[in-house]
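# Structural overview for review
For reference, the chains in residue letters:
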Amino acid sequence: MFQKPTPLTTGLIIACIICYLPELIGFNVNGWLAVSPYSPYYAPWQLVTAMFAHGSIDHLAMNMVSLWWLGTMLEKMQGTVRFAIVYFVSGILGNLAFALLGSSFAVGASGAIFGLLGAVAVLLYRHRSQPFARAMLQGLGVMIAINVVNSFMPGIALEAHFGGLLAGALIEAIILAIGGNEQKYAAFRRLDA
(Lines give C-alpha, C1' and ligand atoms only; values in the text may rest on other atoms or scores of the structure.)
Protein backbone atom coordinates (compact mmCIF):
# COMPACT_ATOMS: atom_id res chain seq x y z
CA MET A 1 0.00 0.00 0.00
CA PHE A 2 2.75 2.47 0.93
CA GLN A 3 5.46 3.21 -1.59
CA LYS A 4 9.10 2.91 -0.63
CA PRO A 5 10.51 6.41 0.00
CA THR A 6 12.65 8.10 -2.62
CA PRO A 7 15.41 10.49 -1.55
CA LEU A 8 14.44 13.80 -3.15
CA THR A 9 10.69 13.44 -2.66
CA THR A 10 11.25 12.61 1.01
CA GLY A 11 13.68 15.51 1.39
CA LEU A 12 11.25 17.97 -0.20
CA ILE A 13 8.45 16.88 2.13
CA ILE A 14 10.72 17.24 5.18
CA ALA A 15 11.88 20.69 4.00
CA CYS A 16 8.29 21.89 3.53
CA ILE A 17 7.33 20.66 7.00
CA ILE A 18 10.37 22.36 8.56
CA CYS A 19 9.51 25.63 6.77
CA TYR A 20 6.00 25.46 8.20
CA LEU A 21 7.05 24.87 11.84
CA PRO A 22 7.70 28.59 12.62
CA GLU A 23 4.16 29.38 11.43
CA LEU A 24 2.81 26.97 14.08
CA ILE A 25 4.36 29.01 16.88
CA GLY A 26 3.40 32.40 15.49
CA PHE A 27 6.38 33.48 13.40
CA ASN A 28 5.31 34.69 9.98
CA VAL A 29 8.08 33.44 7.72
CA ASN A 30 5.75 33.31 4.72
CA GLY A 31 6.16 37.05 4.24
CA TRP A 32 9.84 36.46 3.50
CA LEU A 33 9.33 33.36 1.40
CA ALA A 34 6.21 34.21 -0.65
CA VAL A 35 6.31 35.02 -4.33
CA SER A 36 4.79 38.33 -5.44
CA PRO A 37 4.70 40.57 -8.52
CA TYR A 38 7.93 42.15 -7.20
CA SER A 39 9.83 38.88 -6.81
CA PRO A 40 11.37 38.62 -10.30
CA TYR A 41 12.81 42.13 -9.97
CA TYR A 42 13.70 42.57 -6.30
CA ALA A 43 13.70 39.10 -4.69
CA PRO A 44 14.21 36.41 -7.35
CA TRP A 45 15.01 33.78 -4.69
CA GLN A 46 11.31 33.89 -3.75
CA LEU A 47 10.55 32.04 -7.00
CA VAL A 48 12.16 29.06 -5.21
CA THR A 49 11.46 29.73 -1.52
CA ALA A 50 7.69 30.04 -2.09
CA MET A 51 7.67 26.33 -3.03
CA PHE A 52 8.59 25.43 0.55
CA ALA A 53 6.18 27.72 2.42
CA HIS A 54 2.48 26.97 2.95
CA GLY A 55 -0.44 29.07 4.12
CA SER A 56 -2.13 26.56 6.44
CA ILE A 57 -1.77 23.06 7.81
CA ASP A 58 -4.47 21.89 5.35
CA HIS A 59 -2.57 23.47 2.46
CA LEU A 60 0.64 21.77 3.59
CA ALA A 61 -1.03 18.37 4.13
CA MET A 62 -2.79 18.34 0.75
CA ASN A 63 0.36 19.33 -1.12
CA MET A 64 2.55 16.83 0.74
CA VAL A 65 0.16 13.93 0.04
CA SER A 66 0.13 14.91 -3.64
CA LEU A 67 3.91 15.28 -3.66
CA TRP A 68 4.35 11.89 -1.99
CA TRP A 69 2.14 10.13 -4.54
CA LEU A 70 3.34 11.86 -7.72
CA GLY A 71 6.92 12.47 -6.62
CA THR A 72 7.61 8.92 -5.52
CA MET A 73 6.23 7.54 -8.78
CA LEU A 74 8.08 9.96 -11.04
CA GLU A 75 11.36 9.83 -9.11
CA LYS A 76 11.37 6.02 -9.28
CA MET A 77 10.62 6.03 -13.00
CA GLN A 78 13.03 8.77 -14.07
CA GLY A 79 15.63 8.91 -11.39
CA THR A 80 16.38 11.69 -8.94
CA VAL A 81 18.12 14.10 -11.35
CA ARG A 82 15.37 14.12 -13.98
CA PHE A 83 12.74 14.32 -11.26
CA ALA A 84 14.56 17.31 -9.73
CA ILE A 85 14.64 19.07 -13.10
CA VAL A 86 10.89 18.60 -13.61
CA TYR A 87 10.02 19.60 -10.03
CA PHE A 88 12.18 22.70 -9.65
CA VAL A 89 11.81 24.09 -13.17
CA SER A 90 8.02 23.60 -13.03
CA GLY A 91 7.85 25.25 -9.61
CA ILE A 92 10.01 28.19 -10.63
CA LEU A 93 8.13 28.74 -13.90
CA GLY A 94 4.79 28.35 -12.13
CA ASN A 95 5.83 30.96 -9.58
CA LEU A 96 7.14 33.20 -12.35
CA ALA A 97 3.75 32.95 -14.09
CA PHE A 98 2.10 33.97 -10.82
CA ALA A 99 4.56 36.83 -10.29
CA LEU A 100 3.98 38.18 -13.80
CA LEU A 101 0.21 37.63 -14.00
CA GLY A 102 -0.97 37.58 -10.37
CA SER A 103 -1.66 40.55 -8.17
CA SER A 104 -0.87 39.45 -4.62
CA PHE A 105 1.36 37.02 -2.71
CA ALA A 106 1.44 33.23 -2.97
CA VAL A 107 3.07 30.31 -1.19
CA GLY A 108 3.00 26.57 -1.74
CA ALA A 109 4.41 23.71 -3.74
CA SER A 110 1.32 23.61 -5.97
CA GLY A 111 3.03 24.95 -9.10
CA ALA A 112 5.72 22.27 -8.84
CA ILE A 113 3.14 19.59 -8.05
CA PHE A 114 1.04 20.62 -11.05
CA GLY A 115 4.29 20.30 -13.02
CA LEU A 116 4.53 16.70 -11.81
CA LEU A 117 0.93 16.14 -12.95
CA GLY A 118 1.82 17.46 -16.40
CA ALA A 119 4.98 15.35 -16.56
CA VAL A 120 3.20 12.16 -15.48
CA ALA A 121 0.45 12.83 -18.05
CA VAL A 122 3.02 13.16 -20.86
CA LEU A 123 4.87 10.06 -19.67
CA LEU A 124 1.67 7.99 -19.50
CA TYR A 125 0.56 9.30 -22.89
CA ARG A 126 3.89 8.19 -24.35
CA HIS A 127 3.19 4.65 -23.08
CA ARG A 128 -0.56 4.65 -23.77
CA SER A 129 -0.27 1.42 -25.76
CA GLN A 130 0.24 -0.34 -22.43
CA PRO A 131 -3.12 -1.08 -20.74
CA PHE A 132 -1.88 -0.07 -17.29
CA ALA A 133 -0.57 3.27 -18.56
CA ARG A 134 -3.80 3.88 -20.46
CA ALA A 135 -5.90 3.19 -17.33
CA MET A 136 -3.69 5.45 -15.20
CA LEU A 137 -3.87 8.18 -17.85
CA GLN A 138 -7.68 8.16 -17.67
CA GLY A 139 -7.59 8.45 -13.87
CA LEU A 140 -4.97 11.18 -14.07
CA GLY A 141 -7.12 13.06 -16.57
CA VAL A 142 -9.95 13.14 -14.04
CA MET A 143 -7.53 14.28 -11.32
CA ILE A 144 -6.19 17.09 -13.53
CA ALA A 145 -9.73 18.20 -14.44
CA ILE A 146 -10.78 18.36 -10.77
CA ASN A 147 -7.65 20.31 -9.85
CA VAL A 148 -8.09 22.72 -12.76
CA VAL A 149 -11.65 23.47 -11.62
CA ASN A 150 -10.44 23.94 -8.02
CA SER A 151 -7.79 26.37 -9.29
CA PHE A 152 -10.53 28.91 -10.03
CA MET A 153 -11.57 29.11 -6.36
CA PRO A 154 -10.74 32.36 -4.53
CA GLY A 155 -7.33 32.43 -2.87
CA ILE A 156 -5.83 29.82 -5.21
CA ALA A 157 -2.76 30.73 -7.28
CA LEU A 158 -4.32 29.87 -10.64
CA GLU A 159 -1.34 31.26 -12.55
CA ALA A 160 1.13 29.09 -10.63
CA HIS A 161 -1.01 25.99 -11.17
CA PHE A 162 -1.36 26.45 -14.91
CA GLY A 163 2.22 27.66 -15.34
CA GLY A 164 3.51 24.61 -13.47
CA LEU A 165 1.24 22.20 -15.37
CA LEU A 166 2.36 23.49 -18.76
CA ALA A 167 6.01 23.66 -17.71
CA GLY A 168 5.99 20.10 -16.37
CA ALA A 169 4.39 18.73 -19.53
CA LEU A 170 6.88 20.59 -21.74
CA ILE A 171 9.91 19.58 -19.66
CA GLU A 172 8.83 15.93 -19.68
CA ALA A 173 8.32 16.04 -23.45
CA ILE A 174 11.86 17.41 -23.83
CA ILE A 175 13.28 14.75 -21.49
CA LEU A 176 11.57 12.00 -23.49
CA ALA A 177 12.67 13.52 -26.81
CA ILE A 178 16.29 13.75 -25.65
CA GLY A 179 16.18 10.13 -24.61
CA GLY A 180 14.13 8.87 -21.73
CA ASN A 181 15.56 5.84 -20.00
CA GLU A 182 13.25 3.17 -21.44
CA GLN A 183 14.53 0.56 -18.98
CA LYS A 184 12.96 2.45 -16.09
CA TYR A 185 9.65 2.63 -17.95
CA ALA A 186 9.54 -1.15 -18.32
CA ALA A 187 7.39 -1.02 -15.16
CA PHE A 188 4.39 -0.44 -17.42
CA ARG A 189 5.04 -3.69 -19.26
CA ARG A 190 5.59 -5.67 -16.02
CA LEU A 191 2.37 -4.37 -14.50
CA ASP A 192 0.42 -5.33 -17.61
CA ALA A 193 1.65 -8.92 -17.57
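Structural data are supplied above this passage.
In this report, the structure presented in the accompanying data block is examined. (Residues numbered from 1 in each chain as written. Predicted model: local features only at pLDDT ≥ 70, side-chain atom pairs only at ≥ 80, totals over all residues. Heavy atoms only, no water.)

We now examine the overall build of the chain. Scanning the chain from terminus to terminus reveals 10 helices and zero strands. The order of helices and strands in the chain, counted from the N terminus, is α-α-α-α-α-α-α-α-α-α. Radius of gyration (C-alpha) of the chain: 17 Å, near the 16 Å computed for a compact globule of 193 residues. Counting over 193 residues, the chain shows a buried share of 46%. Taking the contacts inside the chain whose residues are at least 6 apart along the sequence as the reference set, 78% of them involve residues at least 24 apart. Within the structure as shown, the chain displays about 9,900 Å² of accessible surface, and the carbon and sulfur contribution to it stands at 72%. Side-chain charges in the chain split into 9 positive and 7 negative, and the spacing between the mean points of these groups amounts to 16 Å. (Helix = DSSP H or I, 4+ residues; strand = E, 2+ residues; numbered from the N terminus. Rg over C-alpha atoms; globule rule 2.2 N^0.38 Å. Buried < 20%, exposed > 50% of the residue type's maximum accessible area, 1.4 Å probe, protein only. Contact = heavy atoms within 4.5 Å. Areas by Shrake-Rupley, 256 points an atom, 1.4 Å probe, with all protein chains shown as cover. Lys, Arg positive; Asp, Glu negative; His and termini not counted. Charge placed at Lys NZ, Arg CZ, Asp CG, Glu CD.)

This next bit is on the packing of aromatic side chains. Per the counting criterion, the structure on display carries two aromatic pairs. Here the aromatic rings of tyrosine 87 and phenylalanine 88 are separated by 5.3 Å at their centres, their planes lie at 85°, and the arrangement is edge-to-face. On the basis of relative accessibility, which here comes to 0%, the residue tyrosine 87 falls in the buried class. Through successive ring pairs, a cluster of aromatic residues spans Phe83, Tyr87 and Phe88. The ring of tyrosine 125 has arginine 128 sitting right over it, with the charged end atom 4.0 Å from the ring centre. (Phe/Tyr/Trp six-rings, centres within 6.5 Å; stacked < 30°, edge-to-face > 60°. Lys NZ or Arg CZ within 6 Å of the ring centre and 35° of its normal.)

Under the counting rule described, the total for this entry stands at zero disulfides. Not engaged in a disulfide, the cysteine cysteine 16 finds its nearest cysteine sulfur in cysteine 19; these two sulfurs lie 6.6 Å apart. Look at cysteine 19 and you get partly exposed, because its relative accessible area is 23%. (Disulfide = S-S within 2.5 Å.)

A grouping of Ile14, Ile17, Ile18, Leu21, Leu24, Ile25, Phe27 and Ile57 is seen on the molecular surface, where their side chains present a nonpolar patch of about 800 Å² in accessible area. No other element matches the five residues that helix 1 (residues 7-24) contributes to the nonpolar patch. Of note, leucine 21 is situated in helix 1. By relative accessible area, which is 44% here, leucine 21 ends up partly exposed. (Patch = residues over 30% accessible without salt bridge, like charges linked within 9 Å, V, L, I, M, F, W, Y side chains within 5 Å. Salt bridge = Lys/Arg side-chain N within 4 Å of Asp/Glu carboxyl O.)

Another aspect to go through is the packing of helix 1 against helix 6 (residues 80-101). Axis separation between helix 1 and helix 6 bottoms out at 9 Å; the angle between their running directions is 40°. It follows that helix 1 is oblique to helix 6 by the angle criterion. For the pair helix 1 and helix 6, contact is made by Pro7, Leu8, Thr9 and Leu12 and by Thr80, Phe83, Ala84, Tyr87 and Phe88, respectively. Classifying every residue of the contact of helix 1 with helix 6 by side-chain character gives seven nonpolar, two polar and no charged. (Axes fitted to C-alpha atoms, helices over the stretch in contact; angles between N-to-C directions. Parallel < 35°, antiparallel > 145°, perpendicular 65-115°, else oblique. Nonpolar A, V, L, I, M, F, W, Y, C, P; charged D, E, K, R; others polar.)

For the rest of this paragraph, the subject is the layout of surface pockets. By volume, the largest pocket is sized at about 770 Å³. As for the largest pocket, its lining consists of 32 residues, and the residues nearest its centre are His59, Asn63, Ser110, Ile156 and His161. Secondary structure elements with two or more residues in the lining of the largest pocket: helix 2 (30-33), helix 5 (57-78), helix 6, helix 7 (110-126), helix 8 (131-150) and helix 9 (158-179). In terms of residues, the lining of the largest pocket owes the most to one element, helix 5, which gives six residues. Grouping the constituent residues of the lining of the largest pocket by class yields 18 nonpolar, 14 polar and no charged. (1 Å grid on protein atoms, 1.4 Å probe; cavity = no way out; pocket = protein on both sides within 12 Å on 5 of 7 lines; lining within 4 Å. Points joined across faces, edges and corners; volume = space filled by probe spheres on them.)

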